[in-house]
Amino acid sequence: MRMLVTGGAGFIGSNFVRWIFERGGTSFGDHRIVVLDALTYAGNLANLDGLDGNYDYRFIRGDIRDGELVKQLFAEEKIDTVVNFAAESHVDRSIMDPLAFVRTNVEGTQVLLNTARDAGVERYLQISTDEVYGSLGPTGRFTESSPLKPSSAYSASKTGADLLVLAGFHTHGMNTMVSRCSNNYGPYQFPEKLIPLFITNAMTDKPLPLYGDGKNVRSWLHVDDHSHAIMLILQGGRAGEVYNIGGAPESEKENVDVTHAILKLLGKPESLIKPVDDRLGHDRRYAVDYTKIKNELGWQPEVTFDDGLASTVRWYQENESWWKQIKSGEYESFYQAYYGDRLRA
Ligand code: NAD
Ligand code: TYD
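Calculation rules
- Residues numbered from 1 in each chain as written.
- Chains lettered and ligands numbered in written order.
- Predicted model: local features only at pLDDT ≥ 70, side-chain atom pairs only at ≥ 80, totals over all residues.
- Heavy atoms only, no water.
- Buried < 20%, exposed > 50% of the residue type's maximum accessible area, 1.4 Å probe, protein only.
- Helix = DSSP H or I, 4+ residues; strand = E, 2+ residues; numbered from the N terminus.
- Contact = heavy atoms within 4.5 Å.
- Near = heavy atom within 4 Å.
- Polar contact = N/O pair within 3.5 Å; in protein donor to acceptor, adjacent residues only side chain to side chain.
- Nonpolar A, V, L, I, M, F, W, Y, C, P; charged D, E, K, R; others polar.
- Axes fitted to C-alpha atoms, helices over the stretch in contact; angles between N-to-C directions.
- Parallel < 35°, antiparallel > 145°, perpendicular 65-115°, else oblique.
- Left-handed = near helix turned anticlockwise from the far one by under 90°.
- Areas by Shrake-Rupley, 256 points an atom, 1.4 Å probe, with all protein chains shown as cover.

Caption draft 1: Broad picture of helix α6 (residues 194–203). Counting buried positions along α6 gives nine out of 10 residues, so the element sits mostly inside the fold. Tucked inside the fold, the buried residues of α6 contact β7 (184–185), β8 (208–211), α8 (255–266), α10 (305–318), α11 (320–326) and α12 (330–344). A positive backbone phi angle near 55° is found at D205, which sits one or two residues after α6.

And the structure:
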């Protein structure tokens, strides 16, 4: 495939590109990958270090809302496949600045769709989230036909984008697909999300701000399992379909248990845990039924949470310079603005 991977300098996008070149090997065919990324606070060229010159790969800095640039790339690179990872992705930031989420997640997606349609691109995959289904009680799992009930500006903007992508199929007959994954973890994750934030805070003996009662549940998906699922969807997914991608049932964990596991792996004391005021509108539980992708495409998660968390902790231990560079400047301003009062309370 000749892919345009948008948001490819972020956490999941960069892991996907690396997975194709370094791990997927030739069993998934030969691919040219053009990464388009605006390099917002979350984008980092260091995530793609070592690819330039070694693989059939090119990086372009630009915004997915720049239709002229996207059009030019489609023509110049003869792109046949779009995988759209580009997004504002952090729920807490969407509480502080929801418009940024509408601009990239909704408007940006529609610009990509318009341009892909004009260029006759063969397939378009929208990387979405299980958060579009809202929050679960103590039982049950989201299926692809669960009602859409997003509760944050992040998940509402992702829901809007999903519906626009599916409209591209219904209205114009485009080969568009949507995948909805649960919480990812692994290397190169920006240290604002739970797992990398708590690993890096614990490594520097800083408090771990655990929201509310710490009993919210997330279904953890290793980013390599996610990359594998995306590749299978690109190769065998059906137009106009949605595919859920979730962690295994044993990867459904309360935040407090994830926190204890991180501290144990690092040999750090539980006194670092700092219960803080809850996130506004905090979804209680996510859990994903991935029967459809399992039956249609033969995918299921392979990385156990214990193994995945241990290797992730190791990666942050071995790559201190990567995250120490990030945890300064803009990051510090966000951290103070969002956590300052909570941590002082
Ligand atoms: P991320 O925040 O790490 O990376 C997002 C990337 O998009 C960054 O490189 C950023 O520079 C780029 N970007 C932002 N706005 C852009 C724009 N206007 N034009 C071009 N590039 C832009 O996010 P992530 O965790 O890698 O998530 C990737 C995708 O997966 C997102 O669509 C997100 O909604 C979805 N997702 C993530 C998770 C998760 O656990 N991280 C779970 C479910 C779904
Ligand atoms: P996060 O990684 O932000 O992903 P999402 O909100 O998209 O699921 O958060 C995962 C869980 O961890 C969520 O229940 C909120 C909680 N959390 C904390 O308790 N403290 C924190 O500082 C962060 C960032 C998250």
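Caption draft 2: Summary view of the site of ligand 2. Close to ligand 2 lie 20 residues, the nearest being E131, P209, R218, R279 and H282. Between a nitrogen atom of ligand 2 and a main-chain N or O atom of P209, the distance comes to 2.7 Å. Within the residue set of the shell around ligand 2, elements represented by two or more residues are α3 (91–96), α6 and β8. Looking at the shell around ligand 2, its residues break down into nine nonpolar, five polar and six charged.

Caption draft 3: Up close: the packing of α8 against α10. For the pair α8 and α10, the least separation of the axes is 10 Å and the interaxial angle reads 55°. Relative to α10, the element α8 lies oblique. As α8 runs across α10, the sense of the crossing is right-handed. Judged by residue contacts, V258, A261, I262, L265 and L266 of α8 engage F305, L309, A310, V313 and Q317 from α10. Its residues assigned to classes, the contact of α8 with α10 shows nine nonpolar, one polar and no charged.

Caption draft 4: Fine view of the site of ligand 1. Taken together, the neighbourhood of ligand 1 is formed by 29 residues, with I12, D37, S89, Y154 and K158 sitting nearest. Between an oxygen atom of ligand 1 and a main-chain N or O atom of L39, the distance comes to 3.4 Å. In this structure, an oxygen atom belonging to ligand 1 sits 2.7 Å away from a side-chain N or O atom of S89. Calculation on ligand 1 without its partners gives an accessible area of 830 Å², and the protein chains cover 97% of this total. Where the shell around ligand 1 is concerned, the elements lending two or more residues are α1 (11–24), β5 (123–129) and α5 (153–172). In terms of residues, the shell around ligand 1 owes the most to one element, β5, which gives three residues. In terms of residue class, the shell around ligand 1 is made up of 13 nonpolar, 13 polar and three charged.

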